[in-house]
Amino acid sequence: MERLKPLPLLLLLVAMGQCQYDTCRTFGDLEAESRWEFAACQPPPTNMKEVMQIRVDPPGVTCGNPPERFCTLDNPYLCSDECDASSPDLSHPPQLMGDRERGGLITYWQTVTWSKYPVPLLANITLSWNKSLEVVDDLVVTFEYGRPTSMVLEKSLDKGVTWQPYQFYADDCMDTFGMPPKRVSDLAPSNVTRVICTEQYSRWVGAKEEKTVVFEVRARFQVFTGPKLINMDALYTRMETTKGLRDFFTFTNIRLRLLRPALGGTYVQRDNLLKYFYAISNIDIPARCQCNLHASSCSPRDATLMCDCEHNTGGQDCERCNSEFTPSSWRPGTFLPLPKGTANACEAAQTTANCECNAHSNRCSFIDFLNVVTCVSCKHNTRGNRCQYCRLGYYRNASLALEDQNVCVECECDASGSSSPHCSQSGSCQCKEGAAGRRCDSCLPGYMWRGAGVGCTVNVCDETRTCQNGGTCVDFVSCECPKDFEGAYCEQNVCLKKNTCLGDDGSSASPVTSRLVVLSLGLLVFAFS
Ligand SMILES: *[C@@H]1O[C@H](CO)[C@@H](O)[C@H](O)[C@H]1NC(C)=O
Ligand SMILES: *[C@@H]1O[C@H](CO)[C@@H](O)[C@H](O)[C@H]1NC(C)=O
Ligand SMILES: *[C@@H]1O[C@H](CO)[C@@H](O)[C@H](O)[C@H]1NC(C)=O
Ligand SMILES: *[C@@H]1O[C@H](CO)[C@@H](O)[C@H](O)[C@H]1NC(C)=O
Ligand SMILES: [Ca+2]
């Protein structure tokens, strides 16, 4: 890997600010060789206890108001300790669960004692960030004076609106929660997100021996990566492809429901209830901001953590496109292909307009609440919100691509022969009676084109509707009859009508005509033939 000198580095930084780039990169110093390190975009992990809001329920469960003496399980007869909320040295407020301890001094939150036994001694500790986070290592809760006999770890994904159990803890899982005891090491890739009850952190081993209750994240990762977390790529691939896996490690709030304090390995002793209480000195939450793989940092703004979104995304979790980008082009970034991932940047409205609008418009407008794009001013005789249809009076040339400039062909329906200027998808115009052809510019048999404004009219006489008795069809409109005949088809013999035929030679009457006359005049005429 080539060492980057100061000038190229500066250029790269400038370039980064201007261009879209596919990956987040940091300038790493690995084995004394400085180089760019490419990785999927995610903020570095931090201990989120530094920025958590702590709420303890019920109100008044914190000791010291009024001041109270307490004993310990290790030595229940030495009860010289006192909790007094009004004294800085003797108070144990909730924020001591998240403080930085200095000089080896352990500071802790502590509850009232179980003096109201047998009413259960319950306490809820709710930790809130108002931001979705992704846990990256074990959550560790440190209990002074013994770990609870039973408790539930819960989480919320929606800022505290709904909650779900994360893990159950009891010295007897079956007895307390009706669940068989499990360990995370029992889990396989197929059920790594199963909510289990564990007895590992609740059995009495002495108050000073084991102080921690752990939610094992590392061991769950190891199901995919192997025991030394070497194959992180396998984890990232799983994160991409296994539904619900990322959600499992994501939360906005964590709640500890403390259900029963440490009992010292025996039954509750009613004669000394001052030794039963909860005390927590520390809660470690190693996590990172969940930014949908679109940010490499996360910072507090107005006391709320916000992702510093890249890739034209915005919002607290980079969960949408910035306003000048096409909303529907939003995708989360991905870890794949490993190791750099794909940015899936939001697309600019101008560049997407061309493909969203089938190359017939370069302007879109967005209807935000419908999350749809509508193309503006479709050209090339197209219409529709994606310019995907032909304007009325045009039809699609099916042998051309939708993006072709000539895709819409004018119907050219003949104004005289058509009843509408619009045509069907195949280009057929709607013809008036007697008209025919795709454009309705010709006539059916028996009809005659009469020119603009008229179109086709039915023939009065033609080859099938012949003029009789030697009459001539003039312009398909009328029969011109010989002397002595009249009627539309010259079918009437004038002398017959006037009874003047005897004086004529009748030479023009052919046998055919005679028979036709027979048909029309009946028995009276029959006598003449
Ligand atoms: C703790 O929270 C649960 C809801 O998860 C609620 O039902 C319960 O009453 C709370 N307990 C206390 C002591 O506030
Ligand atoms: C929580 O975060 C949202 C931003 O997503 C912000 O609008 C809101 O004010 C925050 N609420 C509190 C209580 O800080
Ligand atoms: C998880 O799956 C493995 C293998 O399929 C099985 O042996 C184990 O019992 C399961 N664990 C739980 C908690 O269901
Ligand atoms: C449709 O497009 C093809 C290919 O360019 C062309 O040959 C044909 O004439 C077009 N048809 C119409 C009706 O314009
Ligand atoms: Ca502390």
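Okay, so let's go over this structure. Just so it is clear, the structure is predicted and the values come from calculations on it, not from any experiment.

### A look at the packing of aromatic side chains
Under the definition given, this model contains 15 aromatic pairs. Consider the rings of phenylalanine 70 and tyrosine 145, whose centres lie 6.1 Å apart with planes at 75°: the pair is edge-to-face. Separated by 75 residues along the polypeptide, phenylalanine 70 in strand β5 (residues 68-70) and tyrosine 145 in the loop between β9 (139-143) and β10 (150-156) bring together distant segments of the chain. What makes phenylalanine 70 buried here is its relative accessible area of 3%. The exposure class of tyrosine 145 is partly exposed, given its relative accessible area of 23%. Aromatic pair phenylalanine 168 and phenylalanine 177: ring centres 4.8 Å apart, planes at 55°, arrangement tilted. Taking relative accessible area as the criterion, phenylalanine 168 reaches 15% and is therefore assigned buried. A residue is classified by how much of its surface remains accessible, and phenylalanine 177, at 22% relative accessible area, is partly exposed. Connected via pairs of aromatic rings, a cluster forms that spans Tyr166, Phe215, Phe221, Phe248 and Phe249.

### Notes on the site of ligand 3
Near ligand 3 the following residues occur: Lys182, Asp186, Leu187, Ala188, Asn191 and Arg194. In this structure, asparagine 191 approaches ligand 3 through a side-chain N or O atom, which is 2.3 Å from an oxygen atom. Separating an oxygen atom of ligand 3 from a side-chain N or O atom of arginine 194 is a distance of 2.6 Å. Isolated, ligand 3 exposes 360 Å² of accessible area, and the fraction of that covered by the protein chains is 57%.

### A closer look at the pattern of salt bridges
Considering all chains together, one arrives at 13 salt bridges under this definition. The residue arginine 218 makes a salt bridge to aspartate 137 at a minimum N-O spacing of 2.9 Å. Pair noted here: arginine 218 is in helix α3 (residues 218-225) and aspartate 137 is in the loop between β8 (123-135) and β9, with a separation of 81 residues, a long-range link. The partly exposed category is assigned to arginine 218, whose relative accessible area is 36%. A residue is classified by how much of its surface remains accessible, and aspartate 137, at 22% relative accessible area, is partly exposed. A salt bridge links glutamate 154 to arginine 255; its shortest N-O distance comes to 3.5 Å. Of the two residues, glutamate 154 is situated in strand β10 and arginine 255 in strand β14 (residues 250-260); the sequence distance between them amounts to 101 residues.

### Quick notes on the nonpolar core
Trp109, Leu256, Leu258 and Ile280 are the most contacted members of the largest nonpolar core, which has 59 residues in total. Looking at this core, the element that brings in the most residues is β8, giving 6 residues.

### Re the state of the cysteines
Applying the stated criterion across every chain, the model contains 17 disulfides. Disulfide pairing is shown between cysteine 443 and cysteine 456; the S-S distance is 2.1 Å. Since a negative S-S torsion denotes a left-handed disulfide, the cysteine 443-cysteine 456 link at about -95° is left-handed. Residue cysteine 443 is found in strand β30 (residues 442-443), and its partner cysteine 456 is found in strand β32 (residues 456-458); the two are separated by 13 residues along the sequence. Take cysteine 355: it sits in no disulfide, and the sulfur closest to it among the cysteines is that of cysteine 357, at 8.3 Å.

### Here we look at the site of ligand 1
Asp57, Pro58, Asn124, Glu154, Arg255 and Arg257 make up every residue found near ligand 1. Asparagine 124 is positioned with one of its side-chain polar atoms (N or O) 2.3 Å from an oxygen atom of ligand 1. At 2.5 Å from an oxygen atom of ligand 1 is found a side-chain nitrogen or oxygen belonging to arginine 255. Coverage of ligand 1 by the protein chains reaches 57% of its 360 Å² of free accessible surface. Broken down by class, the residue content of the shell around ligand 1 amounts to 1 nonpolar, 1 polar and 4 charged.

### Re the coordination of the calcium ion (ligand 5)
Each protein donor to the calcium ion (ligand 5) is listed here as Leu96 (O), Asp99 (OD), Glu101 (OE), Thr107 (O), Thr107 (OG1) and Ser281 (O); together their distances run 2.3 to 2.7 Å. Coordination at the calcium ion (ligand 5) is irregular, judged from the 6 donor atoms that bind it and the angles of 68 to 162° they form at the metal. Along the chain, the residues that donate to the calcium ion (ligand 5) are spaced as L-x2-D-x1-E-x5-T-x173-S. With a relative accessible area of 34%, glutamate 101 lands in the partly exposed category. Relative accessible area serves as the criterion here: at 16%, threonine 107 is assigned to the buried category.

So, how was this worked out
Residues numbered from 1 in each chain as written. Chains lettered and ligands numbered in written order. Predicted model: local features only at pLDDT ≥ 70, side-chain atom pairs only at ≥ 80, totals over all residues. Heavy atoms only, no water. Phe/Tyr/Trp six-rings, centres within 6.5 Å; stacked < 30°, edge-to-face > 60°. Helix = DSSP H or I, 4+ residues; strand = E, 2+ residues; numbered from the N terminus. Buried < 20%, exposed > 50% of the residue type's maximum accessible area, 1.4 Å probe, protein only. Near = heavy atom within 4 Å. Polar contact = N/O pair within 3.5 Å; in protein donor to acceptor, adjacent residues only side chain to side chain. Areas by Shrake-Rupley, 256 points an atom, 1.4 Å probe, with all protein chains shown as cover. Salt bridge = Lys/Arg side-chain N within 4 Å of Asp/Glu carboxyl O. Core = buried A, V, L, I, M, F, W, Y, C linked by side-chain atoms within 4.5 Å. Disulfide = S-S within 2.5 Å. Nonpolar A, V, L, I, M, F, W, Y, C, P; charged D, E, K, R; others polar. Donors = N, O, S within 2.8 Å, 3.2 Å for Na, K, Ca; no water. Tetrahedral: all angles 85-135°; square planar, octahedral: opposite > 155°, others 65-115°.

Any functional reading would require information beyond the geometric quantities listed.
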